[in-house]
Amino acid sequence: MNIASAGPGTAWTRAVDAVRPLLRGVAEIFLQSHAGAGACLLAAIAWQSPTLAAGCLLGAATGTLWGALRADRTETVMGLHGYNGALVGIGVLVALPPSLLAWGLVIALAGLSTALAQAWRRRLPGSPYTAPFILMIWLLLAVMPVAGWAPAAAALPAEPAQGLAAVAVGLLRGVGQVMFLDDPGSGALCVLGLAWAAPGAALRALGASAAMLAAAWVAGFPMDALRMGLYGFNAVLVAEAVHQALPGRRIALWAGVGLSLLIMRGFQWADLPALTAPFVLAAWMVRCAHRALSLFKA
């Protein structure tokens with residue numbers, strides 16, 4: 001074979017191999033190691049805000065590069081070093097307007113969150129899930145008023161939908177809010193990405209979002225938060241995390257989903273930024289309860 005003709009193909013293959021871990025890192029936000037799903041999720045972010053998509057890419061690239069240089073190659077290829085950084089990149093640019101400071105903080109906090117996640121995996125049982133991202137954004141929110149950093153301008157509220165349209169919008173927002181997305185079109189692209197990775201994951205996401213939408217309405221929780229999907233996104237993540245950790249345990253899955261709603265409401269009562277903390281806490285609690293019951297039965 002002619003060496004010259006092999007060159008472009010080899011370069012293309014290397015480029016694709018380099019991009020796949022990055023896209024898998026984005027997909028791992030929803031606990032999926034699938035490059036195609038990651039591409040759909042990036043499209044979902046860009047649909048609402050190209051700036052947030054750029055922040056997501058920069059954060060994921062920072063985490064993936066850190067993993068390639070400092071951590072296990074298999075974990076890096078799977079995208080496990082990209083998802084906390086990707087979420088940090090979005091979170092920083094939700095909190096701060098685009099600037100040299102904001103982009104610098106994306107790199108710094110994404111790298112720190114990745115290092116924290118890696119240390120967790122090496123020294124502690126279970127998955128850190130999105131805990132490193134949560135800690136980084138909480139730190140940022142605490143520092144901002146002290147440092148005098150002006151927050152990003154709040155987005156104008158969308159005109160509320162009515163009837164069945166309101167249900168559909170709330171359902172899709174409950175999926176999209178995992179990545180701070182309140183545009184129902186972005187939520188639909190998220191569902192499409194999940195369906196590409198695993199149809200069951202898309203069904204679980206929609207089911208969890210729908211269940212929490214109904215439960216929050218029955219409980220009389222604030223309608224503004226309900227319409228924005230704020231009671232569904234943690235449940236979406238819990239459903240997938242428990243399904244993967246305890247396959248076939250439907251009682252555990254729905255217990256975790258319900259628990260995430262109660263924890264979310266607790267954060268609202270305390271007037272604290274919940275982010276994905278209800279997901280992390282609910283997933284940890286379900287896994288600990290399952291382990292305790294297993295020991296008791298033994």
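Structure's up top.
Residues numbered from 1 in each chain as written. Predicted model: local features only at pLDDT ≥ 70, side-chain atom pairs only at ≥ 80, totals over all residues. Heavy atoms only, no water.

J.: Tell me what's going on with the overall build of the protein chain, and back it up with residues and numbers.
T.: When its secondary structure is counted, the protein chain shows 14 helices and 0 strands. The C-alpha radius of gyration of the protein chain comes to 19 Å, within 12% of the 19 Å expected for a compact globule of 298 residues. C-alpha extents for the protein chain along the principal axes are approximately 70 × 55 × 40 Å. Relative to its full complement of 298 residues, the protein chain shows a buried share of 46%. Carbon and sulfur atoms provide 70% of the accessible area of the protein chain, an area that totals close to 14,300 Å². Computed over 17 positive and 10 negative side-chain charges, the separation of the two mean positions in the protein chain equals 12 Å. (Helix = DSSP H or I, 4+ residues; strand = E, 2+ residues; numbered from the N terminus. Rg over C-alpha atoms; globule rule 2.2 N^0.38 Å. Buried < 20%, exposed > 50% of the residue type's maximum accessible area, 1.4 Å probe, protein only. Areas by Shrake-Rupley, 256 points an atom, 1.4 Å probe, with all protein chains shown as cover. Lys, Arg positive; Asp, Glu negative; His and termini not counted. Charge placed at Lys NZ, Arg CZ, Asp CG, Glu CD.)

J.: So what's going on with the pattern of salt bridges? Which residues, and what values?
T.: Taken as a whole, this structure holds 3 salt bridges when the rule is applied. A salt bridge links E240 to R204; its shortest N-O distance comes to 2.9 Å. You can see E240 sitting in helix α12 (residues 233-245) and its partner R204 sitting in helix α10 (residues 199-219), a full 36 residues away along the chain. (Salt bridge = Lys/Arg side-chain N within 4 Å of Asp/Glu carboxyl O.)

J.: Requested: an account of the packing of aromatic side chains, with residues and values cited.
T.: Enumeration according to the criterion identifies 5 aromatic pairs in this entry. Judged by centre distance (5.1 Å) and plane angle (55°), the rings of Y129 and F279 are tilted. Here F279 lies in helix α14 (residues 277-297) and Y129 lies in the loop between α6 (100-123) and α7 (131-147), a separation of 150 residues in the sequence. In this structure, Y129 and F279 share a single accessibility class: buried. Its end group placed over the ring of F221, R265 keeps NZ or CZ at 5.0 Å from the ring centre. (Phe/Tyr/Trp six-rings, centres within 6.5 Å; stacked < 30°, edge-to-face > 60°. Lys NZ or Arg CZ within 6 Å of the ring centre and 35° of its normal.)

J.: Give a detailed account of the nonpolar core, specifying residues and quantitative values.
T.: Judged by nonpolar contacts, the single largest core of 78 residues is most densely connected at I29, F30, V92, M179 and F279. The contacts of M179, once residues within four sequence positions are left out, are I29, F30, L41, I45, I90 and C190. (Core = buried A, V, L, I, M, F, W, Y, C linked by side-chain atoms within 4.5 Å. Contact = heavy atoms within 4.5 Å.)

J.: Go over the packing of α12 against helix α13 (residues 250-269), please, and point to the residues and values.
T.: In contact at an axis separation of 8 Å, α12 and α13 are set at 150° when each is read in the N-to-C sense. Between α12 and α13, the angle falls in the class roughly antiparallel. In the crossing of α12 with α13, the sense of the turn from one axis to the other is right-handed. Counting all contacts with α12, which are made through F233, N234, A235, V238, A239, V242 and H243, the residues of α13 involved are A252, L253, G256, V257, S260 and M264. (Axes fitted to C-alpha atoms, helices over the stretch in contact; angles between N-to-C directions. Parallel < 35°, antiparallel > 145°, perpendicular 65-115°, else oblique. Left-handed = near helix turned anticlockwise from the far one by under 90°.)

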